[in-house]
Amino acid sequence: MVYCEWGKVMKYDCEHPWAPDCCDHPRSCHRPNFTKVLDHGYVELIEHWGSDERIIESARMSTNKGFEGWDKDSKLLAYLWKNKHHTPFEMAGMTIEVQAPIFVFREWHRHRTQSYNELSARYTEMPNLYYLPSGARVRAGKQSTKNKQGSQEGFTDVEGGDIILDLRASYADSRDVYEALLAKGVARELARLVLPVAQYSRMRASANLRNWLQFLTLRMDEHAQWEIRQYANVVGELVKDKFPRTWGLFIE
Ligand SMILES: Cc1cc2nc3c(=O)[nH]c(=O)nc-3n(C[C@H](O)[C@H](O)[C@H](O)COP(=O)(O)OP(=O)(O)OC[C@H]3O[C@@H](n4cnc5c(N)ncnc54)[C@H](O)[C@@H]3O)c2cc1C
């Protein structure tokens, strides 16, 4: 048996792009900037640029004073944020890689101020990975009576188990037809018509810090669907790590 550096049994090679869950540890040992989300998804920081200090420097263009130390400049950062002088926050940013179900990407791609590159299902066969909600998520997944977009508690354990079996059967059917179409020589761009929105896909997303914070305002909020919120929470942790002072002001 092969063990990873977290002491967990490795199920398969972490380097494989479709294999984030190589072990049971939430972070992959080979990709330290990588955090698992949902059952087969992840968020990985590719790079970030700028810093809280750079935001101050950019704001000081008129006086040419630059960054003068946090004793003095924490007040300026707070002033910029609170008074919506947001352009200095565009001088920093992050690029991340995300693996998520297609329905999460449908919501994510509404954020037009991010730049995206997603894998093409015309170009490559889609992975045999589908989002299967946990028992707890399904039990809390009854149509809300108060919020037309939302869900609420209400299914028993037995009902939840049946729903999971229904989902599993439907994904297996779709996959069988997809693979049968590919085997017949149908082009990937047509065979994909049978794939469900639970299908996992992968993309890079890049934005400046101002727009990441706009994304987090909307997608960490409890009105956002639970699944995209799980991704947003990880993005929030990355912002907190790389831009701690701005994060502090954001969550105030
Ligand atoms: C809980 C929730 C429910 C939602 N429900 C629905 C729904 O039912 N149907 C639906 O279609 N969408 C829905 N959305 C998506 C929502 O309408 C936005 O498209 C999405 O949240 C992106 O927000 P944004 O436009 O602020 O982001 P971005 O596109 O990243 O834009 C950021 C900011 O840039 C500015 N901006 C960007 N583009 C323009 C432009 N063309 N003109 C002027 N200003 C611009 C705006 O100030 C904007 O706030 C929902 C979102 C949430 C969070």
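This text follows the structure it describes.
The text that follows walks through the structure, step by step, so that each part is easy to find. Predicted, not measured: the structure shown is a model, and the values here were computed from it. Just so you know, the residues in each chain are numbered from 1, in the order the chain's sequence is written. Reporting in this predicted model follows two pLDDT cut-offs: at least 70 for local features of residues, and 80 or more for side-chain atom pairs to be given and counted; totals over whole chains, interfaces and linings ignore these cut-offs and use all residues.

Moving on: the overall build of the protein chain. For the purposes of this entry, the term helix denotes a DSSP run of H or I that reaches at least four residues, the term strand denotes a run of E that reaches at least two, and both are numbered from the N terminus. Scanning the protein chain from N- to C-terminus turns up nine helices and seven strands. With 252 residues in all, the protein chain has 26% of them scored as buried. In the protein chain, 60% of the contacts between residues at least 6 apart in sequence involve partners at least 24 apart. In this scheme the burial state of a residue depends on its C-beta neighbours within 10 Å: 20 or more other such atoms mean buried, 12 or fewer mean exposed, and anything in between means partly exposed; the C-beta positions come from the backbone. What counts as a contact is two residues whose backbone-derived C-beta atoms lie within 7 Å of each other.

A word on the sheet that holds strand β1 (residues 34–37). Across the sheet, which stays open at both edges, the five strands sit in the order β1-β2-β3-β7-β4 with antiparallel pairing between neighbours. Looking at the sheet topology across the chains shown, the edges are occupied by β1 and β4 (115–118). Direction aside, neighbouring strands of the sheet carry axes that sit 20 degrees apart on average. What makes two strands pair is DSSP finding at least two bridges between them. Two elements, β1 and strand β2 (residues 41–49), share four bridges in a ladder whose sense is antiparallel. Bridged to Lys36 within β2 is Tyr42. Working convention: axes come from line fits to C-alpha atoms, limited for helices to the stretch in contact. Angles between N-to-C directions cover 0 to 180 degrees. Its contacts with the sheet place helix α7 (residues 209–219) against β3 (93–101) and β7 (200–208), and it is angled at close to 125 degrees to β7. Docked against the sheet, helix α8 (residues 226–242) engages β1, β2 and β3, running at close to 160 degrees with respect to β3.

What follows covers the site of the ligand. Any residue qualifies as near a molecule or strand once its backbone-derived C-beta atom lies within 6 Å of it. Around the ligand, the surrounding shell consists of Arg110, His111, Arg112, Thr113, Asn211, Gln214, Leu218, His223 and Ala224. Of the residues in the shell around the ligand, the class split is two nonpolar, five polar and two charged. Here the term charged refers only to Asp, Glu, Lys and Arg, the term nonpolar to Ala, Val, Leu, Ile, Met, Phe, Trp, Tyr, Cys and Pro, and the term polar to all other amino acids, Gly among them.

Every buried residue of helix α1 (residues 52–59) is listed here: Asp52, Ile55, Ile56 and Ala59. Down the axis, α1 shows its buried residues gathered within 100 degrees of arc, on one side only. For α1, the secondary structure elements touched by its buried residues are α2 (70–82) and α9 (244–251). Comment: arc refers to directions from the helix axis out to C-beta atoms.

Attention now goes to helix α5 (residues 157–183). The span you would expect from a helix comes to 1.5 Å times its residue count less one. In this model, α5 (27 residues) spans 39 Å end to end at C-alpha, consistent with the 39 Å of a helix rising 1.5 Å per residue. Where α5 terminates, the next one or two residues include Gly185, which has phi positive at roughly 95 degrees.

Attention now moves to the environment of Asp173. Among the structural elements, Asp173 can be located in helix α5. Classification of Asp173 by C-beta neighbours within 10 Å gives exposed; the count is 12. For the pair Asp173 and Leu195, spaced 22 residues apart in sequence, the C-alpha to C-alpha distance is 9.7 Å.

Attention shifts here to unusual backbone geometry. Of note in the backbone geometry, Asn64 takes a positive phi value of approximately 60 degrees without being a glycine. Structurally, the position occupied by Asn64 is in the loop between α1 and α2. Under the C-beta neighbour-count criterion, Asn64 is labelled exposed, with 7 such atoms within 10 Å. Its identity is not glycine, yet Lys84 carries a phi of approximately 60 degrees, on the positive side. Relative to the elements of secondary structure, Lys84 occurs in the loop between α2 and β3.

The next thing to look at is the packing of α7 against α8. Where α7 contacts α8, the axes come no closer than 9 Å and their chain directions differ by 140 degrees. Looking at the two axes, α7 sits oblique to α8. Relative to α8, α7 is oriented so that their crossing is left-handed. Taken together, the residues of α8 that come into contact with α7 (itself represented by Trp212, Phe215, Leu216 and Arg219) are Ile228, Arg229, Ala232, Val235, Gly236 and Val239. Taken together, the residues of the contact of α7 with α8 sort by class into seven nonpolar, one polar and two charged. In this scheme, roughly parallel covers angles under 35 degrees and roughly antiparallel covers those over 145, while 65 to 115 is roughly perpendicular and the rest are oblique. Note: crossing handedness is left-handed where the near helix turns anticlockwise from the far helix by less than a right angle, and right-handed where it turns clockwise.

This brings us to the nonpolar core. The nonpolar core criterion groups buried Ala, Val, Leu, Ile, Met, Phe, Trp, Tyr and Cys residues into a set whenever they are joined through C-beta atoms within 7 Å. With 37 residues, the main nonpolar core has Val43, Ile96, Trp212, Tyr231 and Val235 as its most contacted residues. Breaking this core down by element, the ones donating at least two residues are β2, α1, α2, β3, α3 (102–108), β7, α7 and α8. Setting aside anything within four residues of it in sequence, one finds Val235 in contact with Val43, Ile96, Trp212 and Leu216.

Relative to the helices and strands, Pro244 resides in helix α9. We classify Pro244 as exposed; it has 11 C-beta atoms within 10 Å. Between the C-alpha atom of Pro244 and that of Ser51, which follows or precedes it by 193 residues, the distance is 8.9 Å.

Everything listed here is a matter of geometry and, on its own, says nothing about what the molecule does.
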